[in-house]
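What follows is the residue order along each chain.
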Amino acid sequence: MKINFKDLTNEQFLAEYWQKKPLLIKGAFEQFNDPIEADELAGLAMEEFIESRIVSNPNKQWDVKHGPFADFSEFGESDWTLLVQAVNHWFKGVDDLIEPFRFIPNWRIDDVMVSFSTPGGGVGPHLDQYDVFIIQGSGKRRWRVGAPDASLAELLPHEDLKQVSDFNSVIDEITEPGDLLYIPPNHPHDGIAIDNSINYSIGFLAPSSQELLSGLADYNLDNNLNANRFDDSQRQVTNTPEQLTSTDIDLLTKTLQQSLSDPKVVGDFLGKYLTTVHHTLNLLIPVEPLTIDFIKEILNDGEELEPVLGVKCILHTAQDDEAVLDNKNNRLFINGEVFAVDNESLDFAKLLASKNTLGINVLKTHLDCLKNQQLLTTVINKGLWSFE
Ligand code: SIN
Ligand code: CO
């Protein structure tokens, strides 16, 4: 599946719209077929380990209920929407919806939320902190999107529902199957279903400085890193002991900055942090750990390996100068874990990180290397890759 950006190139999209302006592309996907049916989505919302909610607004009374749901009959025929998080972890066809967006790095992409809305259903006008592409599946919806506006009032019509006051639209259109809407962070938007409507939201991650600092602090504590203390060995006598001087503020700031001074520590933290998923993965952990000989046997029988849907993999390859100094500077991050990759294993690590199906033809040359064998065995025994 490819996005038909019409006369816009990916480069122009990034330069003109990405994080700047909303955009609606009519007919971005030709002959779009829903990769999931409404009743399959409802089935996911019945599972305890899947995050789902129903937002309803009959007679303008907003209500939010959280899954799992046993049945949906109480909601009637209109004015509600079911939202299910990380549906790409469970339906391959939904995960495939991410493919057209690979002109943006994998680590930026979070997951695919799917909603089913009855006529009148929606979550009301609101802001999101992240970029989102919304694909219109079956049905129609009226979407309005505005520009950032500091004068909008924050509303809380229900304790679990943040909304904003009404906004001026820069986009006000009816979306039909295959249309694509891009909404940058902090742009007010509101989608109201016209008929039963399925929407796919490809959500992006943009960690805040607060989140990164708190994640790094946890990482340092867990790994006993950056335990350096404030150093004032060059202190001079003070006549103003009540003061915190600018010199001391500089020294304290340096203590903080040391946490960010080692690119390897920061890189390891970022790789682990950005590959940690926040929704359940359908891990297929073998009952008994598989040996490399057994894995090779199955591959030779023609079976293929697939990564678990939704698993996050990032490859960081060392810059030339780093690579000469230490060829372990290539690192593969999978699901919050780091694997050192030497230059000999780099192609194999790229294969894993690209998350393609792996059959014997693709793997053959790589499996002569002991380190590759160990890496493959590890990811299979953790349930991160499995035979179809
Ligand atoms: C949706 O209802 O499908 C998307 C909700 C949103 O705008 O975040
Ligand atoms: Co939104």
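These numbers were taken from a predicted model, which means no experiment stands behind them. (Residues numbered from 1 in each chain as written. Chains lettered and ligands numbered in written order. Predicted model: local features only at pLDDT ≥ 70, side-chain atom pairs only at ≥ 80, totals over all residues. Heavy atoms only, no water.)

So, about the coordination of the cobalt ion (ligand 2). Only His126 (NE2), Asp128 (OD) and His189 (NE2) from the protein reach the cobalt ion (ligand 2) as donors, at distances of 2.0 to 2.1 Å. A relative accessible area of 2% means that His189 is categorised as buried. (Donors = N, O, S within 2.8 Å, 3.2 Å for Na, K, Ca; no water. Buried < 20%, exposed > 50% of the residue type's maximum accessible area, 1.4 Å probe, protein only.)

Here we come to the packing of helix α7 (residues 292–300) against helix α11 (residues 370–381). Their axes nearest at 10 Å, the elements α7 and α11 cross at an angle of 85 degrees. Here α7 lies roughly perpendicular to α11, going by the angle between them. Two secondary-structure elements touch here, α7 through Ile292, Ile295 and Lys296 and α11 through Gln373, Leu376, Thr377 and Ile380. Its residues assigned to classes, the contact of α7 with α11 shows 4 nonpolar, 2 polar and 1 charged. (Axes fitted to C-alpha atoms, helices over the stretch in contact; angles between N-to-C directions. Helix = DSSP H or I, 4+ residues; strand = E, 2+ residues; numbered from the N terminus. Parallel < 35°, antiparallel > 145°, perpendicular 65-115°, else oblique. Contact = heavy atoms within 4.5 Å. Nonpolar A, V, L, I, M, F, W, Y, C, P; charged D, E, K, R; others polar.)

This part is about the site of ligand 1. Around ligand 1 sit Leu83, Met113, Ser115, His126, Asp128, Arg141, Trp143, His189, Asn199 and Ser201, and those are all the residues in its vicinity. In the environment of ligand 1, an oxygen atom lies 2.6 Å from a nitrogen or oxygen atom belonging to the side chain of Ser115. For ligand 1, an oxygen atom lies 3.1 Å from a polar atom in the side chain of His126. Residue assignment for the shell around ligand 1 shows that the elements contributing at least two residues are β5 (109–117), β7 (141–146) and β13 (197–204). Of the residues belonging to the shell around ligand 1, the class tally is 3 nonpolar, 5 polar and 2 charged. (Near = heavy atom within 4 Å. Polar contact = N/O pair within 3.5 Å; in protein donor to acceptor, adjacent residues only side chain to side chain.)

To continue, consider a nonpolar patch on the surface. Taken together, Phe230, Leu244, Ile249 and Leu252 make up a surface patch of nonpolar side chains, about 350 Å² in accessible area. As for its placement among the helices and strands, Leu244 is situated in the loop between α4 (209–223) and α5 (246–258). By relative accessible area, Leu244 is classed as exposed at 54%. (Patch = residues over 30% accessible without salt bridge, like charges linked within 9 Å, V, L, I, M, F, W, Y side chains within 5 Å. Areas by Shrake-Rupley, 256 points an atom, 1.4 Å probe, with all protein chains shown as cover. Salt bridge = Lys/Arg side-chain N within 4 Å of Asp/Glu carboxyl O.)

Attention now goes to the packing of α4 against helix α6 (residues 263–274). Where α4 meets α6, the closest approach of the two axes is 10 Å, and the angle between their N-to-C directions is 110 degrees. On the basis of their axis angle, the class for α4 and α6 is roughly perpendicular. Here Glu211, Leu212, Gly215, Leu216, Tyr219 and Asn220 of α4 lie close against α6, whose contacting residues are Val265, Asp268, Phe269, Leu270, Lys272 and Tyr273. For the contact of α4 with α6, the class distribution of residues is 7 nonpolar, 2 polar and 3 charged.

Note: strands within a sheet are paired through backbone hydrogen bonds, in either parallel or antiparallel orientation. The strand order across the open sheet formed by 8 strands is β1-β11-β6-β13-β5-β4-β2-β3, and the pairing between neighbours is antiparallel. Looking at strand neighbours, the two that pair on one side only are β1 (23–25) and β3 (63–66), the edges of this open sheet. Here the strands of the sheet are splayed against their neighbours by 20 degrees on average, with no regard to which way each runs. One ladder, built from 5 bridges, connects strand β2 (residues 52–56) with strand β4 (residues 80–84); its direction is antiparallel. (Pairing = 2+ DSSP bridges.)

Time to look at the side chain of Arg108. Tracing the backbone through its elements, the reader meets Arg108 in the loop between α3 (92–95) and β5. A polar atom in the side chain of Arg108 sits 2.5 Å from the backbone oxygen of Leu205.

This paragraph deals with the pairing of strand β8 (residues 154–158). Relative to strand β9 (residues 161–164), β8 runs antiparallel, the two sharing 3 bridges. Bridge pairing in β9 places Glu154 opposite Val164. A loop of 2 residues connects β8 with β9, the two strands running antiparallel in sequence.

Within this structure, the stated rule accounts for 15 salt bridges. The shortest N-O distance in the salt bridge between Glu99 and Arg102 comes to 3.2 Å. Among the residues examined, Glu99 registers a relative accessible area of 43% and is labelled partly exposed. Under the relative-accessibility criterion, Arg102 is labelled partly exposed at 30%. Lys312 is the salt-bridge partner of Asp110, the closest N and O atoms lying 3.3 Å from each other. With Asp110 in strand β5 and Lys312 in the loop between β14 (305–307) and β15 (313–316), this pair connects stretches of sequence that are 202 residues apart. Overall, the relative accessible area of 26% leaves Asp110 in the partly exposed class. Residue Lys312 is classed as buried on the basis of its relative accessible area of 10%. Through salt bridges with shared partners, a single ionic network connects Lys26, Glu176 and Asp179.

Before going further, it helps to spend a moment on the domain arrangement of the chain. According to the domain assignment, the chain contains domain 1 (10–204), domain 2 (208–226 + 249–261) and domain 3 (292–387). Just the C-alpha atoms count here: the centres of domain 1 and domain 3 sit 35 Å apart. Each partner contributes residues to the interface: domain 1 has 10 residues there, and domain 3 has 5 residues. Between domain 1 and domain 3 the total buried area reaches about 610 Å² when both faces are included, carbon and sulfur atoms providing 54% of it. The tally of links from domain 1 across to domain 3 stands at 1 salt bridge. Taken together, domain 1 and domain 3 are joined by 1 residue pair in polar contact (both at pLDDT 80 or more). Secondary-structure elements contributing two or more residues to the side of domain 1 that touches domain 3 are α3 and β5. (Domains from an automatic or database assignment. Buried area = accessible area lost by both parts, 1.4 Å probe.)

The next thing to look at is the packing of aromatic side chains. Evaluated as defined, the whole model comprises 22 aromatic pairs. Centre to centre, the rings of Phe69 and Phe75 are 6.2 Å apart; their planes meet at 80 degrees, and the pair counts as edge-to-face. The buried category is assigned to Phe69, whose relative accessible area is 8%. Taking the ring centre of Tyr17 as reference, the NZ or CZ of Lys21 above it sits at 5.1 Å. (Phe/Tyr/Trp six-rings, centres within 6.5 Å; stacked < 30°, edge-to-face > 60°. Lys NZ or Arg CZ within 6 Å of the ring centre and 35° of its normal.)

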